[in-house]
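Breakdown of the fold
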Amino acid sequence: MSKLTADETFELGNLVRDAAVSLGDWRIENRSRLSQKEWDELDDKEISLLNFASSIYTSAIGMVLDDSQAPLSRLKSDVEHAKSAIQHIKAFKQALDLASALVLFAGAVASGNVAEIPAAIVALEDSAAAIVNPRGSDDN
Amino acid sequence: MAHRAHGRLWLALTVVLLVAGLPACASFKDVATFASLSANGAGYGAVAKDYVGAIDRRKQYQPQKFQGELAALKTRREAQRASLDVLQQTITDYMQGLGDLASGNIRTYDESLKDLGENLNKASLLTDSEKDAVGALATLLARSVTAVYRQHEIRKMIQDGNQPLQDVAMAMRKIVRNGIIPDLQAESALVERYYDNFMLAPGNPAEPVAMALARETKAEALDRVDDRVQSAQRYNTMLDKIAQGHQYLYDHLDMIGNDKPGGQFTPYIESLRTAYRDLLEVAR
């Protein structure tokens, strides 16, 4: 059974389950010709087949779970990246703080501190660039 | 002097905006809605719980001599539970991440704008109209930068995440469609067999009251299994809608972050919403 694919194993489970159901139908249809002992024997076989079908489905599900490990790892990695990106957006408050500082600087400029303006612009430009262009952060 | 300073202020702010040079349009609402519905739907836990709990339910329908193999089967399924949960949780986590990105941290950002407003009020050398203008421009800049960053990250996430998401969703769907539902059908056969034995076994006296009660109990038991089958089928549909919607986003990456996806993407959101509603309905 280990050489079967998951799909083939699922199909095998269906065959076994359907065989059990067919056996049950036959037993009901022919009940007048069956002794109690024969009835019970067939009943046991049906139960065994239905349990066997469930066991086969369980095996096939295990095979799918094993096969899904690779894409699961990749998806987890993407989730981690998203979390990192979200964290980055939260840090944008710093850029806003800089923008706020620029406004204060601008107020100061009006009173003569002209030299402060370029530095404030550069600071904001750097902050914006760091956010817009993730290269050099966690976007590798 | 004041006039020159005033001019520099506008120059500075103009430079800031030009340097940023960012488009202002960015609507992520559709992506956020899609991701939120997907996260809620993918996390529906009843199907996996039913799958593991099936063995305990079936004990009552089988003679004692089968209890040993049922116990062994239960152990195997319990061992799979963690993997099934991880599969579902990973889709949920991914969609929550996408949803958070798409909805942005507007609250944090708006709180920062309040700080900006307070600082603007402290800038006593600016006129009211200048303060308004500075506030408006700073807001515009902040939103532009945030929007472009989010757009970039969302596109990257969808681009990188599409194939593994499709694979994981397909794996979960295969488990539900090819394993859990057929297994529930086997459970249905077990239930039917149990009550048929009671009513039809050779030599059983045909007690009318007992037969009527058995028929009623059988119908109720089969209805419960059927509810579980429906729940699994609707969960399968939900996963299918999630995969289809994400594939659409992947196929139209360049439209994400502007208003274009709205019309064409809406049917995907609506069918997902319907699938989620159907899922909740059967879960009641």
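Definitions and cut-offs
Residues numbered from 1 in each chain as written. Chains lettered and ligands numbered in written order. Predicted model: local features only at pLDDT ≥ 70, side-chain atom pairs only at ≥ 80, totals over all residues. Helix = DSSP H or I, 4+ residues; strand = E, 2+ residues; numbered from the N terminus. Buried ≥ 20, exposed ≤ 12 C-beta atoms within 10 Å, placed from the backbone. Contact = placed C-beta atoms within 7 Å. pLDDT = per-residue confidence, 0-100. Axes fitted to C-alpha atoms, helices over the stretch in contact; angles between N-to-C directions. Parallel < 35°, antiparallel > 145°, perpendicular 65-115°, else oblique. Left-handed = near helix turned anticlockwise from the far one by under 90°. Expected span 1.5 Å × (residues − 1). Bend = angle between axes of the 7 residues up to and from the residue. Core = buried A, V, L, I, M, F, W, Y, C linked by C-beta atoms within 7 Å.

1. Some thoughts on the overall build of chain B
Along its length, chain B carries eight helices and zero strands. Reading chain B from its N end, one meets helices and strands in the order α-α-α-α-α-α-α-α. Within the span of chain B, comprising 284 residues, buried residues form 40% of the whole. Pairs at least 24 residues apart make up 87% of the contacts formed inside chain B by residues separated by at least 6 positions.

2. Points about the confidence of the model for chain B
Residues and elements named next belong to chain B. In this model, chain B carries a mean pLDDT of 81, and residues with pLDDT of at least 70 account for 74%. Averaged pLDDT values for the elements of chain B fall to 47 in helix H1 (residues 2-20) and rise to 95 in helix H7 (residues 208-251). Contacts from residues 8-26, a stretch scored under 50 in pLDDT, to residues over four places away or in other chains number 36 contacts. Throughout residues 105-109 the model reports pLDDT below 50, and contacts reaching past four residues in sequence, or to other chains, amount to seven contacts. In the model output, the complex is listed with pTM 0.73 alongside ipTM 0.75.

3. Things to note about the packing of helix H2 (residues 29-42) of chain B against helix H4 (residues 67-103) of chain B
All names here are of chain B. At a closest axis distance of 8 Å, the pairing of H2 and H4 adopts a crossing angle of 160 degrees. Our classification of the angle between H2 and H4 gives roughly antiparallel. Viewed along their axes, H2 and H4 form a crossing whose handedness is left-handed. Residues Val 31, Ala 32, Ala 35, Ser 36, Ser 38, Ala 39 and Ala 42 of H2 form the contact with H4, whose own contacting residues are Gln 88, Ile 91, Thr 92, Met 95, Gln 96, Leu 98, Gly 99, Ala 102 and Ser 103.

4. Some points on helix H3 (residues 46-59) of chain B
Residue and element names in this part refer to chain B. Under the 1.5 Å per step criterion, the end-to-end length of H3 is 20 Å for 14 residues, consistent within 8% with the ideal 20 Å. At Gly 53, H3 shows its maximal bend, which comes to roughly 45 degrees. Along H3, the positions that sit buried rather than exposed are Val 47, Ala 48, Asp 50, Tyr 51, Ala 54, Ile 55 and Arg 58.

5. Thoughts on the nonpolar core
With 71 residues, the main nonpolar core has B:Val31, B:Leu98 and B:Ile154 as its most contacted residues. Looking at this core, the elements that each hand over two or more residues are helix H1 (6-29) and helix H2 (36-67) of chain A together with H2, H3, H4, helix H6 (128-200), H7 and helix H8 (261-283) of chain B. Among the elements that take part in this core, H6(B) stands out by supplying 17 residues, more than any other.

6. Focus on H4(B)
Owing to its 3.6 residues per turn, the α-helix brings residues three or four apart onto one side. Here H4(B) is 37 residues long and its end C-alpha atoms lie 51 Å apart, about the 54 Å a rise of 1.5 Å per residue gives. Downstream of H4(B) by one or two residues, B:Gly104 has phi in the positive range, about 70 degrees.

7. A closer look at the confidence of the model for chain A
All names here are of chain A. Averaged over all residues, the pLDDT of chain A equals 67, while 49% of them reach at least 70. Model confidence for chain A, summarised as mean pLDDT per element, is weakest for helix H4 (residues 93-109) at 43 and strongest for H2 at 88. Residue range residues 89-114 is modelled with pLDDT below 50. Its contacts to residues more than four positions away, or to other chains, number 73 contacts. This stretch, residues 127-132, has a pLDDT under 50; its non-local contacts, to residues over four places away or in other chains, come to 15 contacts.

8. As for the environment of A:Ile28
Here A:Ile28 is to be found in helix H1. Counting along the chain gives 12 residues from A:Ile28 to A:Asp40, while the straight-line C-alpha distance between them is 12 Å. Beyond its immediate sequence surroundings of up to four residues, A:Ile28 is in contact with B:Asp196 and B:Leu200.

9. Quick word on the packing of H3(B) against H4(B)
The axes of two packed helices give the description: the angle between them and the distance between them. Residues and elements named next belong to chain B. It is at 8 Å that the axes of H3 and H4 come closest, and there the two elements cross at 170 degrees. The angle between the axes of H3 and H4 places the two elements in the roughly antiparallel class. In this structure, H3 uses Ala 48, Tyr 51, Val 52, Ile 55, Asp 56, Arg 58 and Lys 59 to contact H4, whose residues at the interface are Gln 67, Leu 70, Leu 73, Lys 74, Arg 77, Glu 78, Arg 81, Leu 84, Asp 85 and Gln 88.

10. Notes on the environment of B:Asp167
Residue position: B:Asp167 is located in helix H6. Note on B:Asp167: 18 C-beta atoms within 10 Å, which makes it partly exposed. Along the chain, B:Asp167 and B:Ala243 lie 76 residues apart, while their C-alpha atoms are 9.2 Å from each other. Leaving out residues up to four positions away in the same chain, B:Asp167 has contacts with A:Ser68 and A:Pro71.

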